[in-house]
Amino acid sequence: MKHILIIDDAATVRLYHRNILEAAGYSVDEAINGIEALEKALVKPYDLYIVDVNMPKLDGYGFLKEFRLQENIKQAPAIMVTTEAGANDRTLGYAAGANLYLTKPIKPNELVAYVRLLLGDLS
Amino acid sequence: MAFVKRQAPDDLTITQDKRENERDFQGLLLELNSPDVTVRRWAVRDLMQIPESSPFLVTRLGFEENISVRAGILNSLAHLGDNVAIAGLVSCLRSEDAALRNEAIDVLKEVPDKVEPIMSNLLTDLDSDVRIFAVNILESLRHYNVEQWLIEVIEKDPHINVCATALDLLSEVGTEKSIPALTQLKARFEDEPYICFSTDLALKRIIEGS
């Protein structure tokens, strides 16, 4: 079973994404900000990261920049999920190291499709 | 505080040396633009005590690159709390720098009395991102009107992500008073799985908690 880390300061968003991904057969952990996510990832590397942008302590851009510097875990794909839909926001997300930039709210089938795509789980 | 005290001997030696000019307004303004980060940090801290300093701190905030000086400016502006200072903090919500936005949100959460007069304007700003950040400010704002502001957002705001952000918070702080607005929101966005999921969650919590 592949492991996914959801990084978002909103409990409802984490639960929504968790329910969708667990129903699709993935194991899910949660972090409430970039710092907690880095700490968890360094202890237990995940197969994929779903990252919010605006979070206290360390935001999504900061997390991705730091994450991509960590030799042992930096290869894992990351989906940036945010309310900001501007072209510049996307550019910043990709520059920080996101593999994919999605705008909230995300439909369940859409999220699962992108996760499967990035994890190579398409049959 | 304990952290500061443990570092005091070394820090005081260094930082006292860095307070180069007179600690009057003009001297501090000179130091606010010093190339030395430590000098600027001290100037920012001391300018907190001078009401006329808000415009100068706001101007410096526009191009200050050092994170600790920037954090000091935000705190000083919150402490000063005049119209210019608060407007300077609010302007950070329009920044493309996510870290600056989040720092400003955190600082604004700490000054509910200063935020109250402008909250209605922030929640109806033309920019949906600013409206979302305004809801983020409400998250920890200890103010009696938080639930009512959130109800008005989910009743009136046309943008789904503004409503979704308010909904996240209402699921934590909402009372029976929020039930009609939550029900109405679910009907308004009946094709949006996230809204349906989170309104159900909020309603369940409120009903079970009542």
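Residues numbered from 1 in each chain as written. Chains lettered and ligands numbered in written order. Predicted model: local features only at pLDDT ≥ 70, side-chain atom pairs only at ≥ 80, totals over all residues. Heavy atoms only, no water.

**Let's talk about the overall build of chain A**
Across its full length, chain A carries 5 helices and 5 strands. Listed N to C, the secondary structure of chain A is β-α-β-α-β-α-β-α-β-α in terms of helices and strands. A compact globule built from 123 residues should have a C-alpha radius of gyration of about 14 Å, and chain A, at 13 Å, falls within 12% of that. With respect to the three principal axes, the spread of C-alpha positions in chain A is 35 × 30 × 25 Å. A sequence separation of at least 24 residues applies to 59% of the contacts in chain A between residues at least 6 apart. Entry remark: accessible area of chain A is about 5300 Å², with carbon and sulfur atoms responsible for 53%. (Helix = DSSP H or I, 4+ residues; strand = E, 2+ residues; numbered from the N terminus. Rg over C-alpha atoms; globule rule 2.2 N^0.38 Å. Contact = heavy atoms within 4.5 Å. Areas by Shrake-Rupley, 256 points an atom, 1.4 Å probe, with all protein chains shown as cover.)

**Details of the sheet that holds strand E4 (residues 78-82) of chain A**
Residue and element names in this part refer to chain A. Taken in spatial order, the 5 strands make up an open sheet running E2-E1-E3-E4-E5, and their pairing is parallel. Either end of the sheet is taken by a strand with one partner, and the two such strands are strand E2 (27-31) and strand E5 (100-103). Across the sheet, the axes of successive neighbouring strands diverge by a mean angle of 20°, strand direction being ignored. As paired strands, E4 and E5 are joined by 4 bridges and run parallel to one another. (Pairing = 2+ DSSP bridges. Axes fitted to C-alpha atoms, helices over the stretch in contact; angles between N-to-C directions.)

**Focus on the domain arrangement of chain B**
Residue and element names in this part refer to chain B. Looking at the assigned domains, one finds that chain B contains domain 1 (10-110) and domain 2 (112-210). Placing the centre of domain 1 and that of domain 2 at their C-alpha centroids yields a distance of 32 Å. Between domain 1 and domain 2, the contact holds 11 residues from the first and 14 residues from the second. Around 1100 Å² of area is buried between domain 1 and domain 2 when both sides are counted, 67% of it from carbon and sulfur atoms. Considering only the side of domain 1, the residues that lose the most area to domain 2 are Leu 93, Arg 94 and Lys 109, jointly responsible for 46% of the buried surface there. Put simply, domain 1 and domain 2 have 2 salt bridges between them. In this structure, Asp 125 engages Arg 94 in a salt bridge whose closest nitrogen and oxygen atoms are separated by 2.5 Å. The tally of links between domain 1 and domain 2 comes to 1 residue pair in polar contact (both at pLDDT 80 or more). Broken down by secondary-structure element, the contributors of at least two residues to the side of domain 1 that touches domain 2 are helix H7 (83-91) and helix H8 (98-109). (Domains from an automatic or database assignment. Buried area = accessible area lost by both parts, 1.4 Å probe. Salt bridge = Lys/Arg side-chain N within 4 Å of Asp/Glu carboxyl O. Polar contact = N/O pair within 3.5 Å; in protein donor to acceptor, adjacent residues only side chain to side chain.)

**Quick word on helix H5 (residues 54-61) of chain B**
All names here are of chain B. Buried residues of H5: Ser 54, Leu 57, Arg 60 and Leu 61, and no others. Across the axial projection of H5, the buried residues extend over an arc of 130°, all falling on one side. For H5, the elements touching its buried residues are helix H3 (25-32), helix H4 (37-47), helix H6 (67-80), H7 and H8. (Buried < 20%, exposed > 50% of the residue type's maximum accessible area, 1.4 Å probe, protein only. Arc of directions from axis to C-beta.)

**Looking at the side chain of Ser53(B)**
Relative to the helices and strands, Ser53(B) is located in the loop between H4 and H5. Residues in contact with Ser53(B), not counting those within four places in the same chain, are Phe25(B), Leu47(B) and Leu80(B).

**What about the nonpolar core?**
One finds Leu21(A), Ile50(A), Val115(A), Met119(B), Ile137(B) and Leu138(B) to be the most contacted residues of the largest nonpolar core, which totals 82 residues. The greatest single-element share of this core, amounting to 8 residues, is contributed by helix H12 (residues 160-173) of chain B. Taken together, domain 1 (10-110) and domain 2 (112-210) of chain B each give at least three residues to this core, which thus spans both. When sequence neighbours within four positions are dropped, the list of residues in contact with Ile137(B) reads Leu93(B), Ile105(B), Leu108(B), Lys109(B), Val115(B), Met119(B) and Leu122(B). One finds Leu5(A), Tyr61(A), Ala76(A) and Tyr101(A) within the second-largest nonpolar core, a separate group that totals 24 residues. (Core = buried A, V, L, I, M, F, W, Y, C linked by side-chain atoms within 4.5 Å.)

**Brief notes about the pairing of strand E3 (residues 48-52) of chain A**
Residue and element names in this part refer to chain A. Most of E3 is tucked away: 5 of the 5 residues are buried. Side chains Leu 48, Ile 50 and Asp 52 project from E3 onto one buried face, and the interleaved Tyr 49 and Val 51 project onto a second face that is buried too. As paired strands, strand E1 (residues 3-7) and E3 are joined by 4 bridges and run parallel to one another. When the bridges of E3 are listed, Leu 5 appears paired with Tyr 49. Between the parallel elements E3 and E4, the chain passes through helix H3 (residues 60-67) in a crossover that is right-handed. (Right-handed = clockwise from strand over helix to strand, strands pointing away.)

**A look at unusual backbone geometry**
Apart from glycine, the bulk of residues carry a negative phi angle, and the bulk of peptide bonds sit in the trans form. Residues and elements named next belong to chain A. A cis amide bond, omega -10°, links Lys 104 with the succeeding residue Pro 105. Of note, Lys 57 is a non-glycine position whose phi angle comes to about 70°, a positive value. Mapping Lys 57 onto the fold places it in the loop between E3 and H3.

**A short note on the interface of chain A and chain B**
In this assembly, 20 residues from chain A lie in contact with 19 residues from chain B. Taken together, both faces of the contact between chain A and chain B bury some 1800 Å²; the carbon and sulfur share is 55%. Broken down residue by residue, the surface that chain A buries against chain B is led by Thr12(A), Tyr16(A) and Pro105(A), which jointly contribute 31%. Where chain A touches chain B, the interface holds 1 salt bridge. In this structure, Glu192(B) engages Lys107(A) in a salt bridge whose closest nitrogen and oxygen atoms are separated by 3.4 Å. For the interface between chain A and chain B, the tally reads 6 residue pairs in polar contact (both at pLDDT 80 or more). Elements that contribute at least two residues to the side of chain A that touches chain B include exactly helix H1 (11-23) and helix H4 (87-96) of chain A.

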